[in-house]
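# Structural overview for review
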Amino acid sequence: MRILLITGTQTEDLVRRAASESGHDCVVEVIGEVASFISPRHLIDLIQSSHYDQVIVSGMCTADFSGVEKETGVPVFLGPRHASDLAMILPGVGQIQLSRTIPADDLIAGMKRERALERLAEIEEEADPAFLIRGQKIGGSSRMKVCAEIMDAHRHPDLRVAVAGLFASGADIVDLGFGFDATPEDLRRVFNDLEGIDGPLAVDTQDPDLIRAALERADLILSLQEANIPIIGSAVADAGVAAVIVPGEAGLAANIAAAEACGISCLITDPLLPPAGSGLIRALAGYASAGTDHPLFFGAGNVVELLDADSPGANALLAAMAKEVGAAVIFSSEHSDKTKGSVREMRRATMMMALMDERPYPKDLGIDLFVIKEKRRRHEPPIRYDTLIQPEKQERKLIYDPCGNFRIGIDEGEIIAEKGGSAIRARDWASIYHEIEARGWVSRMDHAAYLGKELYKAELAIRFNRSFEQDGRF
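Now for a look at the structure at hand. Computed from a predicted model, the values in this text were never measured in an experiment. (Residues numbered from 1 in each chain as written. Predicted model: local features only at pLDDT ≥ 70, side-chain atom pairs only at ≥ 80, totals over all residues. Heavy atoms only, no water.)

### Some words on the side chain of Ser 223
- Along the chain, Ser 223 turns up in strand S10 (residues 220–224).
- In contact with Ser 223, other than residues within four places in its own chain, are Asp 204, Thr 205, Gln 206, Asn 228, Val 244 and Val 246. (Helix = DSSP H or I, 4+ residues; strand = E, 2+ residues; numbered from the N terminus. Contact = heavy atoms within 4.5 Å.)

Laid out in structure tokens, this is it:
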């Protein structure tokens, strides 16, 4: 296969190196400083000067090359946006169908992600579980299930929205916590409010009266131990509800035996996971030697909530630990601002662990938990210039735009730009700025630059789940 590669002077060395190592017959054409500026007419002239089976242009190209294909009969595909990624993609040309509209790096990443999701569905379909909770496979060879907690469910101002939001974020089970002040009437009211939500619901209480009231709808009870098993164990068994067993004072083995004696068949055992610095490693050793045939419960949320570190990496590592000890259910929570998004992160982490069964490490899976950092730094060529201008620090007097000023904020995952009682709302900064420009609501270049900066800062705040302050630092 003879491939024409279009590049610019800035990326020539990278492209020539990728071409020489690709295993294909590649011809590299340098068209000027920036490869993405090539015109359809120029490309036609290059193609007609020799014979080629296909052309790969920069993924940054925005021109329409359909006319080139009609005139020359040679397909034109988009390569990666960055020349440094070409070496990763070029050897696969012929096996991978490149796109005329999607840059190759996005296409390959999308293909890997799609295949990963397909494989996850296959794994779960083929899995042999220990038992089912409202259709969810628990234990066995199935994916670890994410149990997300809502504390003090009976006092939550909008519980239905919160529960639906956690299921939408990837929770397999939503656990409703009830404090010591809760009553059976509170619990019945909560379930009435959640009528029609069909996902698995757990109730977190050790009060036998609350557990009894929960058995009409709850799919899982957290947590049973020696103080409540004699009182409520038989009722749990008769209702066919699953239960999490904790050590209590009697110990895990004794409480498991007591629950089994009551006839509870769907048991999940929780050896309890303390926060980092309070016996985490010792507890992990206990998990590994639990010696039970029942599925394991892994309380990762307690560790993440009590650790002042970004949650994605912590959730990924804890999911890997849970995988190693054979946990079936992993607990996650979003009680603090720093852990917002943890349920979605933990769901992604459990997916990574499920895919890891077919390889030694949880990497190169098609899905990941990168949020800020990147897996591989690109080494782009330096920008060349003849003259360097050092800007002088200036104290510029603020001159207001005659068109007026904007108040910028974020709400429910969208950016809002308000002026004079009228607001523009969207998820991305560019849509808002273009609407401002189209309406003639900005007239000064310094104001336009300011709006671009603040609107994009707001978009970053949404993307990274951070607070936003206009004119403040990100």
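That covers the picture; the talk isn't over yet.
### Some thoughts on the pattern of salt bridges
- Counting across every chain of the model gives 32 salt bridges.
- Residue Asp 172 is joined to Arg 143 by a salt bridge in which the shortest nitrogen-to-oxygen separation is 2.9 Å. With Asp 172 in the loop between helix H6 (159–169) and strand S8 (173–177) and Arg 143 in the loop between strand S6 (136–138) and strand S7 (145–150), the pair connects residues that are 29 residues apart, well separated along the chain.
- We classify Asp 172 as buried; its relative accessible area is 2%.
- Between Arg 463 and Glu 459 there is a salt bridge; the shortest N-O distance is 3.0 Å. Of this pair, Arg 463 and Glu 459 both sit in helix H16 (residues 445–463), separated by four residues, roughly a single helical turn.
- On the basis of relative accessibility, which here comes to 48%, the residue Arg 463 falls in the partly exposed class. (Salt bridge = Lys/Arg side-chain N within 4 Å of Asp/Glu carboxyl O. Buried < 20%, exposed > 50% of the residue type's maximum accessible area, 1.4 Å probe, protein only.)

### A word on the side chain of Thr 269
- The topology assignment puts Thr 269 in strand S12 (residues 267–269).
- Every residue in contact with Thr 269, bar those within four places of it in the chain, is listed here: Ile 245, Leu 252, Ile 256, Thr 292, His 294, Pro 295, Leu 296 and Phe 297.

### A few points about the nonpolar core
- Formed by 73 residues in total, the largest nonpolar core has its most connected members in Val 163, Leu 176, Phe 178, Ile 221, Leu 224, Phe 298 and Ile 330.
- Element by element, the count of residues in this core is highest for helix H14 (residues 342–355), at eight residues.
- Not counting residues within four places of it along the chain, the set of residues in contact with Val 163 comprises Ile 150, Val 174, Leu 176, Leu 194, Ile 197 and Leu 201.
- In this structure, Ile 3, Leu 14, Ile 89 and Leu 98 belong to the second largest nonpolar core, which totals 19 residues. (Core = buried A, V, L, I, M, F, W, Y, C linked by side-chain atoms within 4.5 Å.)

### Some points on unusual backbone geometry
- Each neighbour pair has its own omega, and for Leu 222 with Ser 223 the value is 5°, a cis peptide bond.
- Phi angles above zero are rare outside glycine, and Leu 272 is one such case at about 75°.
- If you trace the backbone, Leu 272 turns up in the loop between S12 and helix H11 (280–288).
- Residue Asp 471 is not a glycine yet carries a positive backbone phi of 70°.

### Some remarks on the sheet that holds strand S17 (residues 422–426)
- Taken in spatial order, the three strands line up as S15-S16-S17 in an open sheet, and their pairing is antiparallel. Each edge of the open sheet is held by one strand with a lone partner, namely strand S15 (407–411) and S17. Recorded for the sheet is a direction-independent mean angle of 25° between the axes of neighbouring strands.
- Sheet topology note: the strand S16 (residues 414–419)/S17 ladder contains five bridges and is antiparallel. The residue of S17 that forms the bridge with Lys 419 is Ser 422.
- The sheet contacts of helix H15 (residues 429–438) involve S16 and S17, and relative to S17 the element is tilted by about 145°.
- Running at roughly 15° to S15, H16 makes contact with S15 and S16 of the sheet. (Pairing = 2+ DSSP bridges. Axes fitted to C-alpha atoms, helices over the stretch in contact; angles between N-to-C directions.)

### Focus on the pairing of S15
- In this structure, S15 lies alongside S16, joined through five bridges in antiparallel fashion. Residue Gly 409 lies in a different strand from S16, and its bridge partner there is Ile 416.
- Where S15 hands over to S16, the hairpin turn is made up of two residues, of which Glu 412 adopts a positive phi near 50°.

### Considering the packing of aromatic side chains
- Inspection of every chain in the model, using the stated rule, returns five aromatic pairs.
- Where Tyr 287 meets Phe 298, the ring centres are 5.1 Å apart and the plane angle is 55°; that geometry is what we call tilted. Residue Tyr 287 is found in helix H11, and its partner Phe 298 is found in strand S13 (residues 296–298); the two are separated by eleven residues along the sequence.
- Residue class for Phe 298 comes out buried when judged on its relative accessible area of 0%.
- Here the aromatic rings of Phe 297 and Phe 331 are separated by 6.1 Å at their centres, their planes lie at 40°, and the arrangement is tilted. With Phe 297 in strand S13 and Phe 331 in strand S14 (residues 327–333), the pair connects residues that are 34 residues apart, well separated along the chain. (Phe/Tyr/Trp six-rings, centres within 6.5 Å; stacked < 30°, edge-to-face > 60°.)

### Considerations on the sheet that holds strand S3 (residues 54–57)
- Taken in spatial order, the four strands line up as S2-S1-S3-S4 in an open sheet, and their pairing is parallel. Two strands in the sheet have a free side with no partner beyond their single neighbour: strand S2 (25–30) and strand S4 (76–78). If you compare each strand with its neighbour and ignore which way they point, the axes differ by 25° on average.
- As defined by bridge partners, S3 adjoins S4 across three bridges and the pair is classed as parallel. The residue bridging Ile 56 from the neighbouring strand is Phe 77, located in S4.
- Strands strand S1 (2–7), S2, S3 and S4 of the sheet are contacted by helix H2 (residues 40–48), whose axis makes an angle of about 145° with S1.

### Description of the pairing of strand S11 (residues 242–245)
- Neither face of S11 is exposed, since Ala 242 and Val 244 on one face and Ala 243 and Ile 245 on the opposite face are all buried.
- Note that S10 and S11 share four bridges and pair parallel. Bridge assignment links Leu 222 to a residue of S11, and that residue is Val 244.
- Assessed by its sense of winding, the connection that carries the chain from S10 through helix H9 (residues 229–239) to S11 is right-handed.
- Summarising the sheet, S11 and S12 pair through three bridges and their orientation is parallel. Pairing of Ile 245 across the sheet is with Thr 269, part of S12.
- In terms of handedness, the path from S11 via helix H10 (residues 252–261) over to S12 forms a crossover that is right-handed. (Right-handed = clockwise from strand over helix to strand, strands pointing away.)

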